[in-house]
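Residue-level listing of the chains:
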Amino acid sequence: MWKAGEMVTRKSYGKDVCFVVVEIDEETETAILKGIDVRLMADAPFDDLAKVSEDELRQFEAARNQVEGECLRLIQTRRAHEYEKRALRKESRFLSHPDFFERPGRVLHLDGDGTYLQKCLKMYQELGIRAVGQHVSEVQMPAAVIGLLEQYEPDILIITGHDGVIKKGKDWSDIRNYRNSQNFVRTVANARKYVRNMDDLVIIAGACQSHFEGILDAGANFASSPQRIMIHALDPVFIAEKIAFTPIHETVNLYDVVKSTYTGTDGIGGLESRGKYRLGLPKSAYS
């Protein structure tokens, strides 16, 4: 008998994704699953489940570390290149001065998954981004978002958690056939009513297989998932990093943004948006 907390894969999908069992329905012999590394909620019959061995778990962890390492190396290389380019332009008046300081954009991250949120907050810290995280269930996000915007006044808002196409749903254009896309759309719409200018507040929203078009139409700058694929747990962070470190007088390069993610244009897309990075003088002796 399966139980909540067990690590499993699905045999019908070639054991491609590692899940944790979050809920059991003994009457229908079905388990509700949550992705460990991808922002996906799914259901599967008991006979489709396979327990993850210790060796398989190590393989999943190694693959996760490789993905995160590659994304970090890409970001670090890009930052070094952009720093050199700015030094050759007018920003050199700052960069040549020993007392200049950097002020990347501030992030408010709403996440329906507390475990993923902690992973993201750790990555923000590693990337030098000022970020505040709030664990809020997807269904509660529409009501909570305005109060949190008033409290934290971020430059970048991330709205994410878990999503997925419901198996019985046949029409992928119908937002009712998604687990949480309607909640993401309502949350984005409420946030956009509060801050109408898309450059004043950059919104990144969605999770695995989310209704990309509906989320963008609600007012998001970036959304998942154009091809209804699974996205990596940290993909929203890598989008936010590019926006946070693009100068305010520049438009974010869409291709560079998506290149920073694991899933690329199949998993994330969006609209032209201005960056949130500022340079300042002088550096305080008391900071």
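Visitor: Quick one: what's the story with the side chain of Asp235, residue by residue and with numbers?
Guide: When you line up the elements, Asp235 lands in helix α7 (residues 235-244). Taking relative accessible area as the criterion, Asp235 reaches 0% and is therefore assigned buried. What Asp235 contacts, discounting residues up to four positions off in sequence, is Thr261, Tyr262, Thr263 and Ile268.

Visitor: Explain the nonpolar core to me, using residue names and the numbers behind them.
Guide: In terms of nonpolar packing, the biggest core is built from 44 residues, with Leu33, Tyr124, Ile156, Ile204 and Ile243 touching the most fellow members. Every element with two or more residues in this core is listed here: β2 (19-25), β3 (30-35), β4 (41-45), α1 (54-87), α3 (114-127), β9 (156-160), β10 (202-205) and α7. No other element matches α7, which puts six residues into this core. The contacts of Ile243, once residues within four sequence positions are left out, are Ile156, Val202, Ile204, Phe222, Val252, Arg274, Gly275, Lys276 and Tyr277. Counting 24 residues, the second-largest nonpolar core is a separate cluster that includes Leu110, Val188, Val195 and Ala205.

Visitor: Would you mind going over the sheet that holds strand β8 (residues 131-135) in detail, with residue names and values included?
Guide: Taken in spatial order, the six strands line up as β8-β7-β9-β10-β11-β12 in an open sheet, and their pairing is mixed. Of all the strands in the sheet, just β8 and β12 (269-270) have a single pairing partner and so form its edges. Pairing analysis gives four bridges linking β9 to β10, with the strands arranged parallel. Of the residues in β10, the one forming a bridge with Ile159 is Ala205. Seen against the sheet, helix α4 (residues 141-152) touches β7 (107-111), β8 and β9 and runs at an angle of roughly 160° to β7.

Visitor: Hey, could you go over the sheet that holds strand β5 (residues 49-51) for me, with residue numbers and the actual values?
Guide: Sheet architecture is open: five strands sit in the order β4-β3-β2-β1-β5, paired in antiparallel fashion. In this open sheet, the two edge strands, each paired with only one partner strand, are β4 and β5. Strand-to-strand twist across the sheet, computed as the mean angle between neighbouring axes with direction ignored, equals 50°. Sheet analysis places strand β1 (residues 7-10) next to β2, joined by two bridges and oriented antiparallel. Note on β2: the bridge partner recorded for Met7 is Val20.

Visitor: Now, about the pattern of salt bridges: what can you tell me, with residues and values included?
Guide: Tallied over the entire structure, the rule returns seven salt bridges. We note a salt bridge from Lys34 to Asp113, for which the minimum N-O separation is 2.9 Å. With a gap of 79 residues between them, Lys34 in strand β3 and Asp113 in the loop between β7 and α3 connect regions that are remote in the sequence. A salt bridge links Arg58 to Asp55; the shortest N-O distance between them is 3.8 Å. Here Arg58 pairs with Asp55, and both are found in helix α1, just three residues apart, close to one helical turn.

Visitor: Can you explain the pairing of β9? Please cite residues and give values.
Guide: In terms of residue burial, β9 counts as a mostly covered element, since five of its five residues are buried. Taking every second residue as pointing to the same face, both faces of β9 are buried, with Ile156, Ile158 and Thr160 on one and Leu157 and Ile159 on the other. Both β7 and β9 contribute to a ladder of five bridges, which runs parallel. Bridge pairing in β9 places Asp111 opposite Thr160.

Visitor: Which residues make up the packing of α4 against helix α5 (residues 181-194), and what are the values?
Guide: At a minimum axis distance of 8 Å, the contact between α4 and α5 shows a crossing angle of 30°. Accordingly, the angle class assigned to the pair α4 and α5 is roughly parallel. Read as a crossing pair, α4 and α5 show a hand that is right-handed. Of α5, the residues touching α4 (which contributes Met141, Pro142, Val145, Ile146, Leu149 and Glu150) are Asn183, Phe184, Arg186, Thr187, Asn190, Ala191 and Tyr194.

Visitor: Any details on the packing of α3 against α7? Residues and values, ideally.
Guide: At a closest axis distance of 10 Å, the pairing of α3 and α7 adopts a crossing angle of 30°. In terms of orientation, α3 lies roughly parallel with respect to α7. The handedness of the crossing between α3 and α7 is right-handed. Two secondary-structure elements touch here, α3 through Cys120, Met123, Tyr124 and Leu127 and α7 through Val237, Phe238, Ala240 and Glu241. In terms of residue class, the contact of α3 with α7 is made up of seven nonpolar, no polar and one charged.

Visitor: I'd like a description of the pairing of β10, backed by residues and values.
Guide: Here β10 shows a buried face lined by Val202 and Ile204 and a second buried face lined by Ile203 and Ala205. By the bridge criterion, two bridges tie β10 to strand β11 (residues 222-223) in an arrangement that is parallel. Looking across to β11, one finds that Ala205 is bridged to Ala223. Remark: the β10/helix α6 (residues 212-217)/β11 crossover connection has right-handed handedness.

Rules behind the numbers
- Residues numbered from 1 in each chain as written.
- Predicted model: local features only at pLDDT ≥ 70, side-chain atom pairs only at ≥ 80, totals over all residues.
- Heavy atoms only, no water.
- Helix = DSSP H or I, 4+ residues; strand = E, 2+ residues; numbered from the N terminus.
- Buried < 20%, exposed > 50% of the residue type's maximum accessible area, 1.4 Å probe, protein only.
- Contact = heavy atoms within 4.5 Å.
- Core = buried A, V, L, I, M, F, W, Y, C linked by side-chain atoms within 4.5 Å.
- Pairing = 2+ DSSP bridges.
- Axes fitted to C-alpha atoms, helices over the stretch in contact; angles between N-to-C directions.
- Salt bridge = Lys/Arg side-chain N within 4 Å of Asp/Glu carboxyl O.
- Parallel < 35°, antiparallel > 145°, perpendicular 65-115°, else oblique.
- Left-handed = near helix turned anticlockwise from the far one by under 90°.
- Nonpolar A, V, L, I, M, F, W, Y, C, P; charged D, E, K, R; others polar.
- Right-handed = clockwise from strand over helix to strand, strands pointing away.

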